Amino acid sequence: MEQREIRRIGRDVSVVGLGTWQLGADWGEVDEDEALAVLDAAVDSGVTFLDTADVYGDGRSERLIGSFLGQLGPDRAAGILVATKMGRRARQDPAEFTLDNFRVWTDRSRANLGVDTLDLVQLHCPPTPVFSSGAVYDALDTLVEEGRVAAYGVSVETCEEALAAIARPHVASVQIILNAFRRKPLERVLPAAREAGVGIIARVPLASGLLSGRYRRDTVFGADDHRTYNRRGESFDVGETFSGVDYEVGVEAAAEFAALVPEGATPAQAALRWVVQQEGVTSVIPGARTPEQARANSEAARLPALPEVTLKAVEELYDRRIRGLVHDRW
């Protein structure tokens, strides 16, 4: 699989990675054997970038990854970059984002993952003022100096938050929602990241599954699935669920997207291929609940580039159906 460099840390990662929110059972239950099989299928397909967070299943996702890496052995595990996130288990108050708390949070993730040094730790969509706090970045630099983390980045909700982080000299990566139904980062964030050498980790690439084309208006998600309990932003930012697109509108737009997919690809693969083609993207991190999904996602990296006529049609679909709903919100 194609590897792309996170220039500020000099490490390559697979252009299609694996997001592991679902392995924490926040999208419905996934048993441990199945979760380990998903990780194995992804890595066997060329994935070298795994993204997790301390809040996914309250550490379950991290622990599963740690167990999996232990089974791989040190030689193979050394080729995989694991990015975790911190800050969402705490009260969402800028005053919580201190060096003492960072030490506690990263020590917990180190124990969960079974490592001395975290490859990459990301602030997990903290309150907006955190992104402009010099003390926060000084504390993150201290974590690097102490050997708790090798590098740090941020996960953001808005383009303005991303731009604030990119301006800081030691931020290695920015994780941001980017998909065919969330195009605003193309305007300023990706060019700024390219210029600064900051990696772009594209999350929610399928708009919580909408772009897979598998859902209908009457599809029912489990009560423990955020696509049920956060559809209107009841638990966290609504932009995390279906990219903030109204579900019924999104289902209709996704059907139009599916009609644009070239022969030989599924809608989900075409949606991932679209992200991979955006200049400045380092890695896209779809989730997977089964080994088959993990393998199919990885295959998107090997598809031919989407032709210009398809890219233009996707842009027109966004402008006509989606732009007015989400473009100016994030």
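Conventions adopted
- Residues numbered from 1 in each chain as written.
- Predicted model: local features only at pLDDT ≥ 70, side-chain atom pairs only at ≥ 80, totals over all residues.
- Heavy atoms only, no water.
- Helix = DSSP H or I, 4+ residues; strand = E, 2+ residues; numbered from the N terminus.
- Rg over C-alpha atoms; globule rule 2.2 N^0.38 Å.
- Contact = heavy atoms within 4.5 Å.
- Areas by Shrake-Rupley, 256 points an atom, 1.4 Å probe, with all protein chains shown as cover.
- Lys, Arg positive; Asp, Glu negative; His and termini not counted.
- Charge placed at Lys NZ, Arg CZ, Asp CG, Glu CD.
- Salt bridge = Lys/Arg side-chain N within 4 Å of Asp/Glu carboxyl O.
- Axes fitted to C-alpha atoms, helices over the stretch in contact; angles between N-to-C directions.
- Parallel < 35°, antiparallel > 145°, perpendicular 65-115°, else oblique.
- Nonpolar A, V, L, I, M, F, W, Y, C, P; charged D, E, K, R; others polar.
- Core = buried A, V, L, I, M, F, W, Y, C linked by side-chain atoms within 4.5 Å.
- Buried < 20%, exposed > 50% of the residue type's maximum accessible area, 1.4 Å probe, protein only.
- Phe/Tyr/Trp six-rings, centres within 6.5 Å; stacked < 30°, edge-to-face > 60°.
- Lys NZ or Arg CZ within 6 Å of the ring centre and 35° of its normal.
- Left-handed = near helix turned anticlockwise from the far one by under 90°.
- Pairing = 2+ DSSP bridges.
- Right-handed = clockwise from strand over helix to strand, strands pointing away.
- Patch = residues over 30% accessible without salt bridge, like charges linked within 9 Å, V, L, I, M, F, W, Y side chains within 5 Å.

Chemist: What exactly am I supposed to notice about the overall build of the protein chain here?
Modeler: The helix and strand tally for the protein chain stands at 12 helices and 10 strands. Here the protein chain has a C-alpha radius of gyration of 18 Å; the compact-globule value for 330 residues is 20 Å, and the two agree. Judged by the C-alpha coordinates and their principal axes, the protein chain covers about 50 × 40 × 40 Å. Of the contacts formed within the protein chain by residues at least 6 apart in sequence, a portion of 77% connects residues at least 24 apart. Carbon and sulfur atoms make up 48% of the accessible area of the protein chain, which totals about 13100 Å². When the 37 positive and 50 negative side-chain charges of the protein chain are each reduced to one mean point, those points stand 3 Å apart.

Chemist: How should the pattern of salt bridges be read in this particular structure?
Modeler: For side chains bearing opposite charge, pairing can occur when the charged atoms are close. Following the criterion strictly, the structure yields 25 salt bridges and no others. Note that Asp58 and Arg108 form a salt bridge whose closest N and O atoms lie 3.2 Å from each other. In this pair, Asp58 sits in the loop between strand 4 (49-51) and helix 2 (60-72) while Arg108 sits in helix 4 (residues 99-113), placing the two residues 50 residues apart along the sequence. Here Asp107 makes a salt bridge to Arg110, at a shortest N to O gap of 2.5 Å. Placement of both Asp107 and Arg110 in helix 4 is noted, with a separation of 3 residues, approximately one turn of the helix.

Chemist: I would appreciate a short explanation of the packing of helix 6 (residues 159-166) against helix 7 (residues 189-196) in the present structure.
Modeler: For any two helices packed against each other, the geometry comes down to the angle between their axes and how far apart the axes lie. Helix 7 packs onto helix 6 with a crossing angle of 10 degrees between their chain directions and a minimal axis gap of 10 Å. Of the possible angle classes, the one that applies to helix 6 and helix 7 is roughly parallel. Mapping the contact onto sequence places Cys159, Ala162, Leu163 and Ile166 in helix 6 and Val189, Ala192, Ala193 and Ala196 in helix 7. A breakdown of the residues in the contact of helix 6 with helix 7 according to their chemical character gives 8 nonpolar, no polar and no charged.

Chemist: Explanation requested: the nonpolar core in the structure shown.
Modeler: Proteins that are soluble and globular tend to have nonpolar side chains buried together. One finds Phe102, Leu123, Leu140, Val174, Val189 and Phe257 to be the most contacted residues of the largest nonpolar core, which totals 94 residues. Leaving out residues up to four positions away in the same chain, Val189 has contacts with Cys159, Ala162, Leu163, Ile166, Ile176 and Ile200. By size, the runner-up hydrophobic cluster in this structure holds 10 residues, among which are Val13, Leu120, Ala172 and Ile285.

Chemist: Even after reading the chapter, I still don't get the packing of aromatic side chains, so can you show me in this structure?
Modeler: The description of an aromatic ring pair rests on the distance of the ring centres and on the angle between the ring planes. Tallying each qualifying case throughout the model produces 10 aromatic pairs. Judged by centre distance (6.4 Å) and plane angle (75 degrees), the ring pair of Phe97 and Phe102 falls under edge-to-face. Owing to a relative accessible area of 5%, Phe97 belongs among the buried residues under this scheme. The class for Phe102 is buried, based on a relative accessible area of 0%. Taken together through their ring pairs, the aromatic side chains of Trp21, Tyr56, Tyr229 and Phe236 make up a single cluster. Looking at Arg183, its charged tip hangs above the ring of Tyr318, at a distance of 5.8 Å from the centre. The ring of Tyr247 is capped by Arg231, whose NZ or CZ atom sits 4.3 Å from the centre of that ring.

Chemist: Mind showing me how you'd approach the packing of helix 1 (residues 32-44) against helix 2 here?
Modeler: Between helix 1 and helix 2, the shortest axis-to-axis distance is 10 Å and the interhelical angle comes to 60 degrees. When the axes of helix 1 and helix 2 are compared, the pair comes out oblique. The way helix 1 lies across helix 2 gives a crossing that is right-handed. On helix 2, the residues that touch Glu32, Ala35, Leu36, Leu39, Asp40 and Val43 of helix 1 are Arg60, Leu64, Ile65, Phe68, Gln71 and Leu72.

Chemist: How do you make sense of the pairing of strand 7 (residues 152-155) when you look at a structure like this?
Modeler: Regular strands show a simple pattern: their side chains alternate between the two faces of the sheet. The two faces of strand 7 match: Tyr152 and Val154 on one face and Gly153 and Ser155 on the other face are all buried. As judged from the 4 bridges shared by strand 6 (residues 120-124) and strand 7, these two strands associate in the parallel manner. Residue His124 lies in a different strand from strand 7, and its bridge partner there is Ser155. As judged from the 3 bridges shared by strand 7 and strand 8 (residues 171-177), these two strands associate in the parallel manner. Its bridge partner being in strand 8, Ser155 is matched across the sheet by Gln175. Tracing the backbone out of strand 7, into helix 6 and back to the parallel element strand 8 gives a crossover that is right-handed.

Chemist: Would you take a moment to explain the sheet that holds strand 9 (residues 199-203) for this structure?
Modeler: Through backbone hydrogen bonds, the strands of a sheet pair up, either in parallel or in antiparallel fashion. Overall, parallel pairing links the 8 strands, which are arranged 3-4-5-6-7-8-9-10 in an open sheet. Of all strands in the sheet, those bounded by a partner on one side alone are strand 3 (18-19) and strand 10 (283-284).

Chemist: Sorry, what's going on with a negative patch on the surface here?
Modeler: Among the surface-exposed residues, Asp31, Glu32, Asp33, Glu34 and Glu292 lie close enough to one another that they form a single negatively charged patch. Looking at which element gives the most residues to the negative patch, the answer is helix 1, with 3 residues. Tracing the backbone shows Glu34 in helix 1.

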